[in-house]
Amino acid sequence: MAMKLGDLAAALGVPCLGNPDRLILGVAEFETASPTHLTLAIGTRRKQLASSRAAAFIVAADTVTDAELTRYDLLPADYPKVTFAKAIELLHVPPRQALGIAPEALLAPDVVIGEGSTVGPRAVIGAGSRLGARVTIHPGVVIGCRVEIGDDTTIFPNVTVYDDARIGARCILHAGVVIGADGYGYARDATGAHVKIPQVGTVIIEDDVEIGANSTIDRATLGETRIGRGTKIDNLVHIAHNCVIGEESLLAALVGLSGGVKVGRRVTLAGQVGANPQVEIGDGAIIAGKAGITKSVAGGETYAGVPITTLREWKRERIYAARIPYRLPDIETRLAAVEARLDASQPMQLRQPVESED
Amino acid sequence: MAMKLGDLAAALGVPCLGNPDRLILGVAEFETASPTHLTLAIGTRRKQLASSRAAAFIVAADTVTDAELTRYDLLPADYPKVTFAKAIELLHVPPRQALGIAPEALLAPDVVIGEGSTVGPRAVIGAGSRLGARVTIHPGVVIGCRVEIGDDTTIFPNVTVYDDARIGARCILHAGVVIGADGYGYARDATGAHVKIPQVGTVIIEDDVEIGANSTIDRATLGETRIGRGTKIDNLVHIAHNCVIGEESLLAALVGLSGGVKVGRRVTLAGQVGANPQVEIGDGAIIAGKAGITKSVAGGETYAGVPITTLREWKRERIYAARIPYRLPDIETRLAAVEARLDASQPMQLRQPVESED
Amino acid sequence: MAMKLGDLAAALGVPCLGNPDRLILGVAEFETASPTHLTLAIGTRRKQLASSRAAAFIVAADTVTDAELTRYDLLPADYPKVTFAKAIELLHVPPRQALGIAPEALLAPDVVIGEGSTVGPRAVIGAGSRLGARVTIHPGVVIGCRVEIGDDTTIFPNVTVYDDARIGARCILHAGVVIGADGYGYARDATGAHVKIPQVGTVIIEDDVEIGANSTIDRATLGETRIGRGTKIDNLVHIAHNCVIGEESLLAALVGLSGGVKVGRRVTLAGQVGANPQVEIGDGAIIAGKAGITKSVAGGETYAGVPITTLREWKRERIYAARIPYRLPDIETRLAAVEARLDASQPMQLRQPVESED
């Protein structure tokens, strides 16, 4: 969709510092934008506007200089990335179409579906499930019995939602996601074999949660597994039974949480982080990639390493680990030299004076 | 389902130390149980019965005191977690219903299915496949040709089983599992390009195996990949071609085994463990989370780290890694001081006496 | 399929050093081969031909001795593993059958499908998509709108391809793969909540790419995510938005690449490697398993560790990390002894002479 820059700025709620009649055909990356594109110029790109061919730039509102105003068309924004997101939405995302229930979908007779929803072909929805308004269910999705799905939620192809799970409004579940599979719980019997502990709890996905492709969120043994409102989960993430994730947290790809882990609000878990059973991660904590959360950690701090430590301590350790191969031999050489000098000046003394003296 | 405590104890095969007429409506977690719930009290909770509102407690048989008998309704058990598992089964798991073959399932004409089985809508089963009795195939499952599946096995939605795989009795495959995809095997040709080595072996899942959501178990190049009886695999686990896993082992989430790895009996691989090609892990070995099994390790021992070492050595290393940033500078300061004292008392000597003396 | 050794050698393009009339019924592993099998003897097995019962051996062309010629039937090859791959293909892989479009497949009216293709039951293909010749689409596959798929590509069950993705010729996508899900991109708004950045770029899989079960390759935010020709990706791999992978690279299982990572040509990423956003990995680089690519690395070198370093440095660090718990206490004991000896011989001096002397 094409828009004039002035109209676009108005729709985005930001000032138009430039030619309002300039035609914008789309949003593009800074490096590859053509003269009909709007782009984002933050970070190191902010000072390199001349290197982009873009028609106009979204920039931080407090960085605009008079010299720039004469040379560039600028859209200053308090939250430039948010404005960028809205611009992509406006220019590139076609409005959602309600397609109704495909004749090839298979719904139990008592399934309730709100108005404006789409259920694609080959989708299967079990008895007692209720979908809100403007829900989109793509082909191949299998939804169990007694599942609840809120308004405006989108579920991409080949997702599986087990019985009794609850999914909020405005959620996005990408292809291959599995919600509500059994937790990994066994008891050893007299012979040492594993007896399955039936997993009869549930899983609750609150509003505004997005879950990446092929991620898996297990149901609780008893009680519930819960993903807090606004939390965003990347691809191939594993969340075990009885985990509770707070609101607006970020879990990057290949993160794995053991049973009963509690993650606070606005926590960031970077890629391939793992967590031991039952540990708690405080609000606002940031965990660096590949860390192993071996114990509970307080919020408001950045952590790294296996076992987990503060990022500061971890960096110090890593610096020393890299130095040791050089400094240790040097120390041992110098220490031997010192010992030799002492031996030469005190020839009567034994080599292990700590034990032998006095 | 509700039961009287006495009847429940009888069904569980444990004594009823308490009011046999007390009505139990379900099993709940220790912290959230209400006065109609049975719960499990082991570990730190064993001494905190007063803090739970539960109607009755499953406890270890040898820990019951006379004082407790007057205050609590107890079910003492030799294997409390096993009894807990059975109680959940009794009170919360409805009996399986045989629903037959859905009209929307698609089966090759020669598929054989045992009595009491369920095949859900949208399932596809290829020519020559044979399913045992009381098998449950959920919607969206795709089973290839010549696959064998044992009695009482359950396969959740959107699982894929490639041609010729064999799955035992009483197995559970959770949603999105892939059994029998090609192993990752290539040969470099004269130009350096990767030529695919066709993967024509098979994969055998023995009896009583459970496999978590979206885990993948590749077929063998030649020969077989095998998962031993009673082994339990968590979500998002990767098992490569020609791996052989022993009986009753545990593989936690996001574990990745390279080609030809041999895992013994009753081995535990914690989350995110990886193993190099062809390594062997002895019976009863426990591998801590995130370890990299870079070489074969003997059984009966606990290991950790990358490269793999014993847990004892790994802990020692980690302790020293944390101390080094403090102790190394101290050592260097003291060493410089010693050198300075020697220089002061032996002013004629050079600083590097090892090379220069005599 | 059975072949005479001479005919097999001719088909493989290698000399037949042995009885051309010997009947070969199949290819088998060195250890388990029977006297009707061909096998591969390279590496440590090359010197152990007597320990295998195989009828004939594929060996490296330059290693054949006169003594061996009298005892064994050999197929000498310049690239033994490539010849082995071809032999498996000849003897074990039935020719592909074109089955046409199953009546239970669901295709938009304008879908174009080349000759000799197979579309299995329950597959769904959206409007505007175009498939080449001899393409195989297995059951349960969901292909979005405007997708392009090249000749001779095979897509296994339950794969999802989102709208607008392009997949080349001779590709193999294993079960559960997800191509083109949204990248993981958000902007924080004034309240700190995550605003989704619409992911409107695309994903391009070039020719001859193989992708393992349940791997996920996200579409770009803007622009494209690209997997280069001949690259082979193992199971459960995550490739984020805007990554660009060069030609003929290898990505082993559970690798995770953050947004915008650039991987060169013929790079090897071993299992469970992770990479930070935007890093670049040079041509021919080899990254050891579990490494964390925290910064860009040059090609032609082997790397390991978290943070990433050269394999040489990493090994040195690991050696010292293992020694430190033994050498550090020894150093401290010896240093204390030296200090004690100095104190004994210089009783008037203070213990911290660096600060106190002169």
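In every chain, residue numbers begin from 1 and rise along the written sequence. The lettering of chains begins at A and the numbering of ligands begins at 1, in the order of writing. Totals for whole chains, interfaces and linings use every residue, but because this is a predicted model, local features are given only for residues with pLDDT of at least 70 and side-chain atom pairs only at 80 or more, for both listing and counting. Side-chain numbers here rest on the full set of heavy atoms in the structure, without hydrogens or water.

If you check an unreviewed UniProt entry, chain A appears there as UDP-3-O-acylglucosamine N-acyltransferase from Chloracidobacterium validum. UniProt positions are given in the numbering used here, feature names are shortened, and annotations may be inferred rather than shown by experiment. Regarding chain A, the relevant UniProt record gives this comment under Subunit (unreviewed entry): "Homotrimer." Its UniProt record, at the heading Catalytic activity (unreviewed entry), says of chain A: "a UDP-3-O-[(3R)-3-hydroxyacyl]-alpha-D-glucosamine + a (3R)-hydroxyacyl-[ACP] = a UDP-2-N,3-O-bis[(3R)-3-hydroxyacyl]-alpha-D-glucosamine + holo-[ACP] + H(+)".

(A) Looking closely at the overall build of chain A. Under the scheme used here, helices are H or I runs from DSSP no shorter than 4 residues and strands are E runs no shorter than 2 residues, and both carry numbers assigned from the N terminus. Secondary structure summary: chain A contains five helices and 39 strands in total. In terms of C-alpha radius of gyration, chain A reaches 29 Å, well past the compact-globule figure of 21 Å for 358 residues. With the C-alpha coordinates of chain A rotated into their principal frame, the extents come out at 100 × 75 × 25 Å. A simple rule labels every residue: compare its accessible area, found with a 1.4 Å probe on the protein chains alone, to the largest value its type can have, and call it buried under 20%, exposed over 50%, or partly exposed in between. Classification of the 358 residues of chain A by burial places 56% in the buried group. Counting contacts in chain A only where the partners sit at least 6 residues apart, residues at least 24 apart contribute 17% of the total. Where accessible areas are quoted, they stem from the Shrake-Rupley method and a 1.4 Å probe; at the residue level, only the protein chains shown are allowed to cover. When the accessible surface of chain A is split by element, carbon and sulfur atoms take 53% of a total near 14000 Å². Within these notes, the globule rule equals 2.2 Å times the number of residues to the 0.38 power, and the radius of gyration is based on C-alpha atoms. Any two residues having at least one pair of non-hydrogen atoms within 4.5 Å are treated as being in contact.

(B) Representation of the environment of isoleucine 167 of chain C. Residue and element names in this part refer to chain C. Within the fold, isoleucine 167 resides in strand S18 (residues 166-167). Along the primary structure isoleucine 167 and alanine 28 are separated by 139 residues, whereas in three dimensions their C-alpha atoms are 34 Å apart. The residues contacting isoleucine 167, other than those within four sequence positions of it, are Glu148, Ile149, Gly150, Thr153, Val161, Leu173 and Ile205.

(C) Region of the structure containing the relation of the copies chain A and chain B. Residues reaching a pLDDT of at least 70 in both copies supply the C-alpha atoms on which the copies are superposed by least squares. Its rotation angle being 120°, the transformation that places chain A on chain B also includes 0.1 Å of axial translation and leaves an RMSD of 0.1 Å. What the superposition gives is, in effect, a three-fold axis relating one chain to the other.

(D) Just the pattern of salt bridges, in detail. Salt-bridge detection follows one rule: a side-chain nitrogen of Lys or Arg within 4 Å of a carboxyl oxygen of Asp or Glu. Going through the model one piece at a time under the given rule, you end up with 69 salt bridges over all chains. Residue arginine 318 of chain B pairs with glutamate 317 of chain A through a salt bridge whose shortest N-O separation is 2.7 Å. Placement of arginine 318 of chain B in helix H4 (residues 311-345) and of glutamate 317 of chain A in helix H4 (residues 311-345) is noted, with the two residues assigned to different chains. By relative accessible area, arginine 318 of chain B is classed as partly exposed at 22%. Overall, the relative accessible area of 9% leaves glutamate 317 of chain A in the buried class.

(E) Geometry of empty space enclosed by the protein. Buriedness of a pocket was judged along seven lines, with at least five required to meet protein on both sides within 12 Å; pockets are open sets of points on a 1 Å grid over the protein atoms alone, cavities are sets where a 1.4 Å probe fits but cannot get out, and lining residues have an atom within 4 Å of a point. Grid points are joined across faces, edges and corners, and a volume is the space filled by probe spheres set on the points. The tally for this structure, following the rule as stated, stands at five cavities of 30 Å³ or more. Size it by volume and the largest cavity reaches roughly 110 Å³. Considering the residues around the largest cavity, the lining is formed by 15 residues, among which Gly140 of chain A, Arg122 and Gly140 of chain B together with Arg122 and Gly140 of chain C are closest to the centre. For this classification, Asp, Glu, Lys and Arg are treated as charged, while Ala, Val, Leu, Ile, Met, Phe, Trp, Tyr, Cys and Pro are nonpolar and the rest, including Gly, are polar. Here the residues of the lining of the largest cavity sort into six nonpolar, six polar and three charged. The calculated volume of the second largest cavity comes to roughly 90 Å³. Lining of the second largest cavity is provided by 15 residues; of these, Gly176 of chain A, Asn158 and Gly176 of chain B together with Asn158 and Gly176 of chain C occupy positions nearest its centre. Tallied by class, residues from the lining of the second largest cavity come to three nonpolar, twelve polar and no charged.

(F) Geometry of the packing of helix H1 (residues 5-12) of chain A against helix H3 (residues 80-92) of chain A. Residue and element names in this part refer to chain A. Their axes nearest at 10 Å, the elements H1 and H3 cross at an angle of 120°. Considering their axes alone, H1 and H3 lie oblique with respect to each other. Handedness of the H1/H3 crossing: right-handed. When H1 is examined against H3, the residues Leu8, Ala11 and Leu12 are found in contact with a partner set consisting of Thr83, Lys86, Ala87, Leu90 and Leu91. Axes here mean lines fitted to C-alpha atoms, for a helix over just the part in contact, with angles spanning 0 to 180 degrees between N-to-C directions. Angles below 35 degrees are treated as roughly parallel, those above 145 as roughly antiparallel, those between 65 and 115 as roughly perpendicular, and all remaining angles as oblique. Handedness of a helix crossing follows the sense of rotation of the near helix relative to the far helix, less than a right angle counterclockwise being left-handed and clockwise being right-handed.

(G) Highlighting the interface of chain A and chain B. Counting residues at the interface gives 68 residues for chain A, matched by 65 residues for chain B. Both faces considered, chain A and chain B share a buried interface measuring about 5400 Å² in area, 63% of it formed by carbon and sulfur atoms. Sorting the residues of chain A by area buried against chain B places Tyr184, Leu222 and Arg341 of chain A first, and these three jointly supply 15% of that buried surface. Our count for the chain A to chain B interface comes out at five salt bridges. Two N or O atoms form a polar contact when they lie within 3.5 Å of each other; inside protein one atom must be a possible hydrogen donor and the other a possible acceptor, and for residues adjacent in sequence the pair counts only when both atoms belong to side chains. Applying the counting rule to chain A against chain B returns 29 residue pairs in polar contact (both at pLDDT 80 or more). Listing elements by their share of the side of chain A that touches chain B, those giving two or more residues are strand S21 (186-188), strand S22 (194-196) and H4 of chain A. Counting residues per element, the side of chain A that touches chain B draws most heavily on H4 of chain A, which supplies 17 residues. Accessible area that two parts lose when put together, evaluated with a 1.4 Å probe and summed over both, is termed the buried area.

(H) Broad picture of helix H3 (residues 80-92) of chain B. Over its 13 residues, H3 of chain B extends 18 Å from the first C-alpha to the last, a length consistent with the 18 Å expected when each residue adds 1.5 Å. For H3 of chain B, every residue scored as buried is listed here: Pro80, Val82, Thr83, Phe84, Ala85, Ala87, Ile88 and Leu91 of chain B. To estimate the expected span of a helix, count its residues, drop one, and scale the result by 1.5 Å.

(I) Structural context of the UniProt feature "active site" (unreviewed entry) in chain A. Per the UniProt record, "active site" (unreviewed entry) is annotated on His241 of chain A. When you line up the elements, histidine 241 of chain A lands in the loop between strand S28 (238-239) and strand S29 (244-245).

(J) Quick look at the pairing of strand S23 (residues 202-205) of chain B. Residues and elements named next belong to chain B. What you see with S23 is no split at all: Thr202 and Ile204 on one side and Val203 and Ile205 on the other are buried throughout. Sheet topology note: the strand S18 (residues 166-167)/S23 ladder contains two bridges and is parallel. Each bridged residue has a counterpart across the sheet, and for arginine 166 the counterpart in S23 is isoleucine 204. Examined bridge by bridge, S23 and strand S26 (residues 224-227) share four bridges and lie parallel to one another. Bridge assignment links isoleucine 204 to a residue of S26, and that residue is arginine 226. Only strands joined by at least two bridges in the DSSP assignment are considered to pair.

(K) A look at the packing of aromatic side chains. Only rings of Phe, Tyr and Trp enter the pairing, Trp through its six-membered ring, and a pair is recorded when the two centres are within 6.5 Å. The plane angle decides the type: under 30 degrees is stacked, over 60 is edge-to-face, the rest tilted. In the structure shown here, the tally under the stated rule is twelve aromatic pairs over all chains. An angle of 50° between the planes, with centres 6.2 Å apart, marks the rings of phenylalanine 30 of chain B and phenylalanine 57 of chain B as tilted. Of this pair, phenylalanine 30 of chain B sits in the loop between strand S3 (26-27) and strand S4 (37-40) while phenylalanine 57 of chain B sits in strand S5 (residues 56-60), and the two are 27 residues apart along the sequence. Both rings, one in phenylalanine 57 of chain C and one in tyrosine 72 of chain C, keep their centres 5.8 Å apart while their planes meet at 85°; by these two values the pair is edge-to-face. Within this pair, whereas phenylalanine 57 of chain C is found in strand S5 (residues 56-60), its partner tyrosine 72 of chain C is found in the loop between helix H2 (66-71) and strand S6 (74-77), the two being separated by 15 residues in sequence. On the basis of relative accessible area, tyrosine 72 of chain C is assigned to the buried category, the value being 14%.

(L) How the structure looks around the side chain of arginine 327 of chain C. By the element assignment, arginine 327 of chain C lies in helix H4 (residues 311-345). Leaving out residues up to four positions away in the same chain, arginine 327 of chain C has contacts with Leu328 and Glu332 of chain A together with Tyr320 of chain C.

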